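What follows is each chain in one-letter form.
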Amino acid sequence: MKSNIFARTGVLVIVAVAVLLGAAGVSFAAGGASSPQELGSKRVAAVKAQNKAELIALINPKSVEYMNEKDPGKLEEVLKTWLEMEMPPNPEFVMQSLKDIPDYNAASQTFAVGPATMYFPIAPTDLLVLIGDREVTVNEDGKEVVQKKRAPVAIDAVMQEGGVWYIVLPVISKTQQPAQQ
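Overview of the overall build of the protein chain
Piece 1. Within the protein chain, the secondary structure is distributed over five helices and eight strands.
Piece 2. Beginning at the N terminus, the succession of helices and strands in the protein chain can be written as α-α-α-α-α-β-β-β-β-β-β-β-β.
Piece 3. Out of the 181 residues belonging to the protein chain, those deemed buried represent 31%.
Piece 4. A sequence separation of at least 24 residues applies to 65% of the contacts in the protein chain between residues at least 6 apart.
Piece 5. Counting every atom, the protein chain has about 11700 Å² of accessible surface; 58% of that belongs to carbon and sulfur.

Quick look at the structure:
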């Protein structure tokens, strides 16, 4: 009798583990990431693997839906740009709250950058900055010298929804240019 109880308990444990693993598989397939660091790491891995489907899974589904409806060519353009990026071998991620950036207007969900204004149909909360080693030219004693320095490689607008972190994409429009003299 005891062996039957243990046998049944063992089967129940196996079934429970299978259900939990199945549920975890579903959540990973749904996209996004559990933390900004994981989101950044997944983006780097997807670019290195040249996997467009994995990149799309990191973008907020509502953002993807909006881009597909309003400007499908722009989504493809963003993905192409991401896939052409050279990823640093030693990535580091830094978060910057959009609350601390004066050029971001939370009420209108817009971010002014030079002559362009980015409108975010899905409001971001932070910027995820990918930092890596880059070659930069600096002036040393009147001579231009190439040095390796830690610098931003990519900046993504991100947000958390339902405990999952996603990249959100902007719609970019040019603001009125000042008259040329």
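Quick notes on the pattern of salt bridges
Piece 1. Under the criterion given, the structure shown has eight salt bridges.
Piece 2. Between Glu76 and Lys52 there is a salt bridge, and its shortest N-O distance comes to 2.8 Å. Here Glu76 is found in helix H5 (residues 72-84), whereas its partner Lys52 is found in helix H3 (residues 52-58), with 24 residues between them in sequence.
Piece 3. You can call Glu76 partly exposed: its relative accessible area is 39%.
Piece 4. As a salt-bridge pair, Asp133 and Arg150 come within 3.4 Å of each other at their nearest N and O atoms. Of this pair, Asp133 sits in strand E5 (residues 126-140) while Arg150 sits in strand E6 (residues 143-161), and the two are 17 residues apart along the sequence.
Piece 5. According to the relative accessible area criterion, Arg150 is partly exposed, its value standing at 37%.
Piece 6. Within this structure, Glu92, Asp133 and Arg150 form a network of salt bridges that share partners.

Brief notes about the confidence of the model for the protein chain
Low-pLDDT portions of the prediction should not be read for the details of their coordinates.
Piece 1. A residue-level look at the protein chain finds 79% of positions with pLDDT of 70 or above and a mean pLDDT of 81.
Piece 2. Here helix H1 (residues 2-30) stands out as the element of the protein chain with the lowest mean pLDDT, 36, in contrast to strand E7 (residues 164-167), whose mean of 98 is the highest.
Piece 3. Across residues 1-29 the pLDDT falls below 50, and counting only partners more than four positions away or on other chains, this stretch makes two contacts in the model.
Piece 4. For residues 176-181, every residue scores under 50 in pLDDT, and the model assigns this stretch one contact once sequence neighbours within four places are set aside.

Considerations on the side chain of Asp126
Piece 1. If you trace the backbone, Asp126 turns up in strand E5.
Piece 2. Comment: no salt bridge for buried Asp126; closest opposite-charge side chain is Lys99, at 8.0 Å.
Piece 3. Reaching out from Asp126, the side chain makes a polar contact with the side chain of Thr125 at a distance of 2.7 Å.
Piece 4. Once residues lying within four places of it in the same chain are set aside, the contact partners of Asp126 are Met95, Gln96, Ser97, Leu98, Asp156, Ala157, Val158 and Trp165.

Some thoughts on the environment of Ala123
Piece 1. Summarising the element assignment, Ala123 is placed in the loop between strand E4 (116-119) and E5.
Piece 2. The class of Ala123 is partly exposed, set by a relative accessible area of 32%.
Piece 3. If we skip the residues at most four places from it in the chain, Ala123 touches Tyr104, Gln109 and Met159.

Looking at the pairing of E7
Every other side chain in a regular strand lies on the same face of the sheet, so the side chains alternate between the two faces.
Piece 1. The pairing of E6 with E7 spans four bridges and is antiparallel. Bridging across to E7, Val158 finds its partner in Ile167.

Structural notes on the packing of aromatic side chains
Piece 1. Counted according to the given criterion, the structure contains two aromatic pairs.
Piece 2. Taking the centre distance of 6.4 Å and the plane angle of 70° together, the rings of Tyr104 and Phe120 count as edge-to-face. On the criterion of sequence distance, the pair formed by Tyr104 in strand E2 (residues 104-105) and Phe120 in the loop between E4 and E5 is long-range, its members being 16 residues apart.
Piece 3. The exposure class assigned to Tyr104 is buried, which follows from its relative accessible area of 11%.

Conventions and cut-offs
- Residues numbered from 1 in each chain as written.
- Predicted model: local features only at pLDDT ≥ 70, side-chain atom pairs only at ≥ 80, totals over all residues.
- Heavy atoms only, no water.
- Helix = DSSP H or I, 4+ residues; strand = E, 2+ residues; numbered from the N terminus.
- Buried < 20%, exposed > 50% of the residue type's maximum accessible area, 1.4 Å probe, protein only.
- Contact = heavy atoms within 4.5 Å.
- Areas by Shrake-Rupley, 256 points an atom, 1.4 Å probe, with all protein chains shown as cover.
- Salt bridge = Lys/Arg side-chain N within 4 Å of Asp/Glu carboxyl O.
- pLDDT = per-residue confidence, 0-100.
- Lys, Arg positive; Asp, Glu negative; His and termini not counted.
- Polar contact = N/O pair within 3.5 Å; in protein donor to acceptor, adjacent residues only side chain to side chain.
- Pairing = 2+ DSSP bridges.
- Phe/Tyr/Trp six-rings, centres within 6.5 Å; stacked < 30°, edge-to-face > 60°.

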